[in-house]
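If you want the building blocks of each chain, they are given just below.
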Amino acid sequence: MERLNASAILRVVNDLLSSKNAAELLLKLQLGLRPIAEIGDILVLTQDANELCALTSTFEPLSGVCLLDSSFVNTVFERNIYAANICQLPGDWILPSHCHETVIFVANNFAERKGVFVLFVKGDVDIGQIENALSAVDTLFRQAFLQLDQQHQMSQMLLDRTYALTQSQQRFQAYAELASDWFWETDESMCFTYLSFVEQKKPTNFSHFLHKSPINIRSDSESTQFKKWEHFLHLVRQHSEIHEFEFEAIDNQGHRVWISISGKAKFNADNSFAGYLGIAKDISFAKQREYDLKLAKEKAESANKAKSHFLAVMSHEIRTPMNAILGILELLEDTQPNEKQLELIDFMRDSAKLLQGVISDTLDFAKIESGTLALENSNINLHKLIKNLVQQFETQAVKKGIHFNAILGGGVPEQINTDGVRLSQVLLNLLGNAFKFTLEGEVSLLVNRSDTELFITVKDTGVGIDEAHIQTLFEPFSQLHDKQVGRQQGVGLGLSITKRLLELMEGKIECASEIGVGTEFVVTIPLIPLITADGHVKDAEIENSIPSYRILVAEDNPANQFIIKAILEKRNHMVVLADNGESAVAAVKKSRFDLVLMDMVMPIMDGVTAARTIRTELGELAPPIIALTANAGLADKTKCLNAGMQDVLTKPLNSALLDEKIKALFS
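Numbers given to residues run from 1 along each chain, matching the order in which its sequence is written. Residue-level local features of this predicted model are given only where pLDDT is at least 70; pairs of side-chain atoms are given and counted only at 80 or more, and the full residue set underlies all totals for whole chains, interfaces and linings. Side-chain measures here rest on the full set of heavy atoms in the structure, leaving out hydrogens and waters.

Visitor: In this structure, what is going on with the overall build of the protein? I would like to understand it.
Guide: Helix numbers and strand numbers start at the N terminus; a helix is a DSSP run of H or I with at least 4 residues, a strand a run of E with at least 2. Helix and strand content of the protein: 21 helices and 26 strands. Residue exposure (1.4 Å probe, protein chains only): buried if accessible area is under 20% of the type maximum, exposed if over 50%, otherwise partly exposed. Relative to its full complement of 667 residues, the protein shows a buried share of 40%. Residue contacts are counted whenever heavy atoms from the two residues lie within 4.5 Å of one another. Excluding contacts between residues fewer than 6 apart, the proportion of contacts in the protein whose partners are at least 24 apart in sequence is 60%. In these tables, accessible area is a Shrake-Rupley quantity obtained with a 1.4 Å probe, and a residue counts as shielded only by the protein chains included in the view. A total accessible area of about 37,500 Å² is found for the protein, and carbon and sulfur atoms account for 53% of it.

If you want it as structure tokens, here you go:
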């Protein structure tokens with residue numbers, strides 16, 4: 001038996017480091033230990049939770065090899081190297097039949113992990129000598145165990161990753177087969193190079209999409225939608241993401257189908273464009289349902305218009321004989337009837353007027369529903385209108401013993417521009433309800449104004465309305481039932497019509513009430529400037545307070561151009577229009593303007609970019625710029641101000657606020 005010197009140990013260590021796998025490593029360990037003893041088989045064990053398990057071995061099978069006696073295991077680790085004849089081992093230690101007589105255990109705490117080399121030695125050996133010789137080559141066992149342990153962990157990690165990848169692939173395959181969506185890829189020319197249902201061999205009518213682009217498979221009607229497809233091609237050219245792009249295609253049966261695709265660009269290793277990948281789905285059913293709903297909606301609207309037209313015609317037809325009935329009753333009064341006959345005539349007149357009111361409400365409601373009711377605005381004397389209303393209800397107030405109060409606030413104009421007939425109808429309705437539901441106390445009418453609006457308040461000390469009824473108060477055919485006043489006459493259209501009329505007048509109505517305390521209605525309508533006989537605006541405050549300026553309006557929407565231009569020209573400003581930011585920049589560089597109103601979102605060049613360009617190129621010579629935007633968020637306002645704009649106005653344009661902004665700029 002020889003001892004290994006330092007150079008021999010180093011040579012064996014290098015051999016172990018160059019091992020490609022466990023079998024090669026154990027073989028090199030056998031050869032390296034040959035000067036010490038002729039070793040047949042080697043079993044390597046590792047200890048986890050006081051149990052030894054096989055890490056690797058040079059012999060098979062290992063299923064019968066085990067160490068179950070914990071005291072023996074502890075003895076092995078206490079001594080580090082333990083040699084014994086097979087007959088000296090515990091009875092539960094089972095070995096393969098070809099193992100040799102002498103077994104040597106080399107145990108240690110290898111890098112904080114306990115392990116055991118079990119060496120089966122051939123021939124007769126001196127146990128004491130071999131223990132000493134093996135103690136001198138502890139480095140070999142330490143290196144061998146570390147490498148075996150690392151190889152084992154790497155192998156286990158590879159098995160785990162392979163298993164996880166296999167599971168993921170199987171899961172993806174199952175989902176792909178069950179999903180209604182399908183996956184696709186294209187080349188750089190946008191031709192489909194991969195369709196998931198083709199790979200899955202699913203029966204489908206879309207297989208012919210392969211090697212074709214969306215443009216090749218679209219229907220004839222799609223090919224005429226130039227703007228839609230130009231936008232699609234723009235996204236592709238920019239390599240932008242595609243989100244639910246819907247188009248009509250032709251399947252391999254020649255049928256029209258609707259497809260929705262979403263995808264993102266893919267790139268090669270050199271960052272060159274390689275096409276798109278994404279998902280798609282057949283939305284034909286959803287599109288058909290959308291079409292059916294649209295058709296049903298059109299039919300319902302058509303039926304509703306027919307109904308409204310019928311009601312309007314019938315109301316007109318009924319109103320004609322009603323007027324005759326009221327006229328005849330008036331003539332009967334002139335025939336000197338007796339007291340009993342006069343009483344009957346009064347009953348008939350009251351009933352006829354009630355019926356006439358129902359017919360009028362029905363007619364107005366039908367007109368509103370059919371969209372045929374139009375306002376007829378004109379200059380009216382508001383003070384006179386209020387005076388006439390007060391006179392109509394004063395007699396009723398005296399009869400019921402109710403105090404009636406009417407107040408015109410300071411600054412309420414005598415003349416306003418509105419539909420006087422419809423405003424009277426609104427106030428008659430509200431005052432009529434106030435007197436109807438007020439048994440004692442008072443009814444008040446208060447008129448006030450702000451710079452842009454007129455406020456009319458009708459308040460009573462009547463029975464009040466509970467919260468549940470307020471929610472449905474303005475719905476058609478809604479009536480108030482109260483044990484104090486009983487069921488009121490009418491069909492429940494009054495407040496519904498009032499609300500609709502105010503909406504036509506661009507106004508609103510609000511109600512606040514408390515049971516047993518009373519009810520308050522507040523009507524708000526725009527305060528429209530008066531129109532003179534020659535069609536000019538009669539508003540001395542605006543004419544005197546705002547000088548005429550030369551203003552550039554950068555706006556791409558024709559309707560918005562018309563509205564903004566009309567508002568500005570009404571104030572005697574000179575207006576020049578620009579359709580986009582680029583045109584606005586060119587106009588400002590070419591001519592002098594006192595002010596620029598700049599839309600944020602425009603084609604070719606947006607408003608923010610245009611404002612920044614004007615500021616950069618003209619410097620202090622640049623005119624003030626006010627942003628016009630439908631985006632009212634703080635981020636958008638900050639973006640405009642950072643681009644050099646002086647202020648921001650949100651759409652729809654508030655003319656009074658615009659006047660204030662212009663005043664502030666030039667004051």
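Visitor: Help me understand the nonpolar core, please; the structure alone is not making it clear to me.
Guide: Nonpolar side chains in soluble globular proteins tend to end up buried together. Buried Ala, Val, Leu, Ile, Met, Phe, Trp, Tyr and Cys residues that are joined via side-chain atoms within 4.5 Å together make up what is termed a nonpolar core. Counting residues in hydrophobic clusters, the biggest one holds 42 residues, and the most contacted among them are Phe404, Leu423 and Leu454. Looking at this core, the elements with two or more residues in it are helix H12 (382-400), helix H13 (420-436), strand E14 (442-449), strand E15 (453-460), helix H15 (494-504), strand E18 (508-514) and strand E19 (518-526). Leaving out residues up to four positions away in the same chain, leucine 454 has contacts with Leu382, Val412, Ile416, Val447, Asn448, Arg449, Val523, Thr524, Ile525 and Leu527. Among the nonpolar cores identified, the runner-up in size contains 32 residues, and Ile39, Ala133, Ala144 and Leu148 belong to it.

Visitor: Explain the sheet that holds strand E25 (residues 625-629) here, please?
Guide: Sheet strands associate in pairs through backbone hydrogen bonding, adopting either a parallel or an antiparallel arrangement. By this definition, two strands are paired if DSSP reports at least two bridges between them. Pairing is parallel in the open sheet, where 5 strands are placed in the order E23-E22-E24-E25-E26. The sheet is open, and its two borders are formed by strand E23 (574-578) and strand E26 (647-650), each paired with just one other strand. Sheet twist, expressed as the mean angle between neighbouring strand axes with direction ignored, is 20°. In the sheet, strand E24 (residues 595-599) pairs with E25 via 4 bridges, with the strands oriented parallel. Bridge pairing links aspartate 599 to leucine 628 in E25. Working convention: axes come from line fits to C-alpha atoms, limited for helices to the stretch in contact. Angles between N-to-C directions cover 0 to 180 degrees.

Visitor: Is there a simple way to explain the packing of helix H18 (residues 581-590) against helix H19 (residues 607-618) in this structure?
Guide: Running from N to C, H18 and H19 cross one another at 25°; their axes reach a closest spacing of 9 Å. As summarised for this structure, H18 and H19 are arranged roughly parallel, according to the angle between their axes. Our pair here, H18 against H19, has a crossing hand that is right-handed. For the pair H18 and H19, the contacting residues are Gly581, Val585, Val588 and Lys589 in the first and Ala610, Thr613, Ile614, Glu617 and Leu618 in the second. Amino acid classes used here: Ala, Val, Leu, Ile, Met, Phe, Trp, Tyr, Cys and Pro are nonpolar; Asp, Glu, Lys and Arg are charged; the rest, including Gly, are polar. A class-by-class count of the residues in the contact of H18 with H19 yields 5 nonpolar, 2 polar and 2 charged. These descriptions rest on fixed angle ranges, namely under 35 degrees for roughly parallel, over 145 for roughly antiparallel, 65 to 115 for roughly perpendicular, and the rest for oblique. A crossing counts as left-handed when the near helix is turned anticlockwise from the far one by less than a right angle, and as right-handed when that turn is clockwise.

Visitor: Looking at this model, I keep getting lost on the pattern of salt bridges. Mind explaining?
Guide: By definition here, a salt bridge exists when the distance from a side-chain nitrogen of Lys or Arg to a carboxyl oxygen of Asp or Glu is within 4 Å. Evaluation of the coordinates by the stated rule reveals 16 salt bridges. For lysine 589, the salt bridge is made with glutamate 617, and the minimal N-O distance between the two is 2.9 Å. Within this pair, whereas lysine 589 is found in helix H18, its partner glutamate 617 is found in helix H19, the two being separated by 28 residues in sequence.

Visitor: Which parts of the structure should I look at to understand the confidence of the model for the protein?
Guide: Should pLDDT be low for a region, the predicted coordinates there are not to be read in detail. How sure the predictor is of each residue is captured by pLDDT, a score from 0 to 100. Mean pLDDT for the protein: 80, with 78% of residues reaching 70 or above. Of the regions scoring below 50 in pLDDT, residues 60-65 engages in 11 contacts with residues more than four places distant in sequence or in other chains. Confidence drops under pLDDT 50 across residues 539-545; counting only partners more than four residues distant or on other chains, this segment forms 5 contacts.

Visitor: How do you make sense of the sheet that holds E15 when you look at a structure like this?
Guide: If you trace the 5 strands from one edge of the open sheet to the other, you get E12-E14-E15-E19-E18, paired in mixed fashion. Edge strands, defined here as strands with exactly one partner in the open sheet, are strand E12 (403-408) and E18. Across this sheet, the average inter-strand angle for adjacent strands is 10°, counted without regard to direction. In terms of strand pairing, E14 meets E15 through 7 bridges, oriented antiparallel. Residue pairing across strands places leucine 445 opposite valine 458, the latter belonging to E15. Helix-sheet contacts for H13 involve E12, E14, E15, E18 and E19, and the interaxial angle to E15 is about 20°.

Visitor: I'm lost on the pairing of strand E10 (residues 273-282) in this one. Help?
Guide: Two faces make up the sheet, and in a regular strand the side chains alternate between them. Here strand E6 (residues 182-186) runs beside E10; their pairing, made up of 4 bridges, is antiparallel. Its bridge partner lying in E10, phenylalanine 183 is registered against isoleucine 279. Bridge analysis of strand E9 (residues 256-267) against E10 gives 9 bridges, and the strand direction is antiparallel. Bridged to glycine 263 within E10 is glycine 278. Where E9 folds back onto E10 in an antiparallel hairpin, the turn is made up of 5 residues, including asparagine 271, whose phi is positive at roughly 70°.

Visitor: I would appreciate a short explanation of the packing of aromatic side chains in the present structure.
Guide: The way to describe two aromatic rings as a pair is by their centre distance and the angle between their planes. Centre distance within 6.5 Å is the pairing criterion for rings of Phe, Tyr and Trp, where only the six-membered ring of Trp is used; planes under 30 degrees apart are then read as stacked, over 60 as edge-to-face, and the remainder as tilted. Enumeration over the complete set of coordinates arrives at 15 aromatic pairs. With a centroid separation of 5.5 Å and 70° between ring planes, the pair formed by tryptophan 229 and phenylalanine 247 is classed as edge-to-face. In this pair, tryptophan 229 sits in helix H9 (residues 226-237) while phenylalanine 247 sits in strand E8 (residues 242-250), placing the two residues 18 residues apart along the sequence. Taking the relative accessible area as the measure of exposure, tryptophan 229 reaches 3% and is therefore buried. The buried category is assigned to phenylalanine 247, whose relative accessible area is 1%.

Visitor: How do you make sense of helix H1 (residues 6-17) when you look at a structure like this?
Guide: Note that an α-helix has 3.6 residues per turn; residues three or four places apart therefore point the same way. Take the residue count of a helix, subtract one, and multiply by 1.5 Å to get its expected span. Here H1 is 12 residues long and its end C-alpha atoms lie 16 Å apart, about the 16 Å a rise of 1.5 Å per residue gives. Looking at H1, one finds that the buried residues are Ala8, Ile9, Val12, Val13 and Leu16. One side of H1 carries all its buried residues, which in axial view fall inside an arc of 140°. When the buried face of H1 is taken as reference, the exposed residues oriented beyond 90 degrees from it are Ser7 and Leu10. Working definition: the arc comes from the directions between the helix axis and the C-beta atoms, pointing outward to the latter.

Visitor: How should I be thinking about H13 in this particular structure?
Guide: If you check H13, its first and last C-alpha atoms are 24 Å apart, about what 17 residues at 1.5 Å a residue would give, namely 24 Å. Where burial is concerned, most of H13 is hidden: 13 out of the 17 residues are buried. Here a polar contact is taken to be a pair of N or O atoms separated by no more than 3.5 Å, where protein atoms must pair a possible hydrogen donor with a possible acceptor and residues adjacent in sequence count only if both atoms sit in side chains. Among the residues of H13, the N-terminal cap falls to aspartate 419, whose side-chain oxygen and the backbone nitrogen of arginine 422 are separated by 3.2 Å.

Visitor: In this structure, what is going on with the pairing of strand E7 (residues 192-195)? I would like to understand it.
Guide: When E6 meets E7, the two strands line up antiparallel, connected through 3 bridges. In the strand pairing of E7, glutamate 185 is matched with tyrosine 194.

Visitor: Hey, could you run me through unusual backbone geometry in this one?
Guide: The phi torsion of most residues other than glycine is negative, and most of the peptide bonds are trans. Positive phi, normally seen in glycine, also occurs at glutamate 506, with a value near 60°. Tracing the chain through its elements places glutamate 506 in the loop between H15 and E18. Within the chain, asparagine 572 stands out as a residue other than glycine whose phi angle is a positive 70°. Within the secondary structure, asparagine 572 sits in the loop between helix H17 (558-570) and E23.

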